[in-house]
Amino acid sequence: MRHLHTTKTTARTTARTTDRTTARSTGRTPGRSLSRTPGRTPGRTTARTLTRIPALGALLALLAGLLTVLGTAGTAHAAPLFKAPFPCGQKWTYSHHSAEVRQALDFVRSDGGATAGAPVLASASGTAYRYAQPSGAGNYIVVDHGGGWKTYYFHLAAYSVANGAAVAQGQQIGTTGSTGNSSGAHIHYEQLYNGVGQSIVINGVSLAPYPGSYGSKHVTSDNGCSGGGGGKYWVDTFAQATGYAAANTNDPQGVLNAGTNYVYCKVWGQEIRDASGNYNHWWLRTDLDTVYAGKNGYGAYVSAYYLSRWGNDEARDNNGTVIPNC
């Protein structure tokens, strides 16, 4: 993959005269002239003027306030452009069963890669909160996106962010697991608006009607394809490096050739150490040069141990810029 190449102005006497004149000419109860239809009775200029101007102002203020509320509500409640909760290029199949009452979907990987341990990504930016429910959802994260919108990610093997952390779309928030009431590794995923489960929408397209079993419908993710770090960072690597599905050595995807390569961002993960004591916990998200059969080479992770210019637990590009977190 070597790619070098955001008023009381009228006296009381006038008022009394006005009221008496009104009563004689219309037979209506004195004091009710201010509520009459303008233009019905001659000689009411002062009363009509004093009435119509405040009434019109009040009406305009009411309309302006209503428009403001409607405009604010529309902006605040608009759904984010949700993306799939797994990495760029990965293909996952999904299903729904009746026990999942909030229109949730369960995702498992269907491109030959391992589901267990795969990164779980934020569908949209927001604030992440960590929870645990051993008898149900297991380890799970809720991302509050604002405007009443939240996404839920159940059964995580591990958390990847701190409680209350601000997260970007495409940022890893956990790893796929089977904690809680679960029969196998999967991502249980929900989209809620004001606490009510919504039909899952990815990239503006609803996944409904839901299938009742895996294998008939699939989603290929474009979440994090832009890197999640705002661009590409050029680095030199001193040897061929194996790329993995997550920031660990559980699921090899292919190989990044030695030389000058681009990377997108970094995550903290499994330590890689050699016999001389050199080590690194940072992993770099990149696209691989060689992809193993049935695997995915996009958005894979390569250990920062292979960087030519930097030492232990450093992850900088060739200019010395610290590579941003995913």
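Here, every reference points to the structure presented above.
Residues numbered from 1 in each chain as written. Predicted model: local features only at pLDDT ≥ 70, side-chain atom pairs only at ≥ 80, totals over all residues. Heavy atoms only, no water.

Participant: I keep staring at the nonpolar core and nothing clicks. Help me out?
Facilitator: In a soluble, globular protein the nonpolar side chains are often hidden away together inside. By size, the foremost hydrophobic cluster in this structure holds 27 residues, and its most contacted members are Phe-107, Ile-141, Tyr-153, Ile-173, Tyr-189 and Leu-207. Contributing elements (two or more residues each) for this core: strand 1 (91-95), strand 2 (105-109), strand 5 (138-146), strand 6 (149-159), strand 7 (165-167) and strand 9 (187-193). The biggest single contributor to this core is strand 6, with 3 residues. Each residue touching Tyr-153, except ones within four places of it in the same chain, is listed here: Pro-85, Val-120, Leu-121, Ala-122, Ser-123, Asn-139, Tyr-140, Ile-141, Val-143, Ile-173, His-188 and Tyr-189. One finds Ala-247, Tyr-262, Tyr-264 and Trp-283 within the second-largest nonpolar core, a separate group that totals 11 residues. (Core = buried A, V, L, I, M, F, W, Y, C linked by side-chain atoms within 4.5 Å. Buried < 20%, exposed > 50% of the residue type's maximum accessible area, 1.4 Å probe, protein only. Helix = DSSP H or I, 4+ residues; strand = E, 2+ residues; numbered from the N terminus. Contact = heavy atoms within 4.5 Å.)

Participant: I'm lost on the side chain of Gln-171 in this one. Help?
Facilitator: Relative to the assigned elements, Gln-171 resides in the loop between strand 7 and strand 8 (172-176). By relative accessible area, Gln-171 is classed as buried at 16%.

Participant: When you look at the pairing of strand 8 in this model, what are you seeing that I'm missing?
Facilitator: Within a regular beta strand, the side chains point alternately toward one face of the sheet and then the other, so they alternate between its two faces. Strand 8 sits mainly inside the fold: 5 of its 5 residues count as buried. In this sheet, strand 8 lies alongside strand 3 (residues 119-121) in antiparallel orientation, the contact comprising 3 bridges. Within strand 8, the residue paired with Leu-121 across the bridge is Gln-172. Relative to strand 8, strand 6 runs antiparallel, the two being bridged by 3 bridges. For Ala-158, the partnering residue across the bridge sits in strand 8 and is Thr-175. (Pairing = 2+ DSSP bridges.)

Participant: Mind showing me how you'd approach the pattern of salt bridges here?
Facilitator: Pairs can form between side chains of opposite charge whenever their charged atoms are close. A complete count under the given rule lists 8 salt bridges for this structure. Between Arg-109 and Asp-251 there is a salt bridge, with the nearest N and O atoms lying 3.6 Å from each other. Of this pair, Arg-109 sits in strand 2 while Asp-251 sits in the loop between strand 15 (241-244) and strand 16 (252-256), placing them 142 residues apart in sequence. Several salt bridges share partner residues, and in doing so they unite Arg-109, Asp-111, Asp-251 and Lys-295 into one network. (Salt bridge = Lys/Arg side-chain N within 4 Å of Asp/Glu carboxyl O.)

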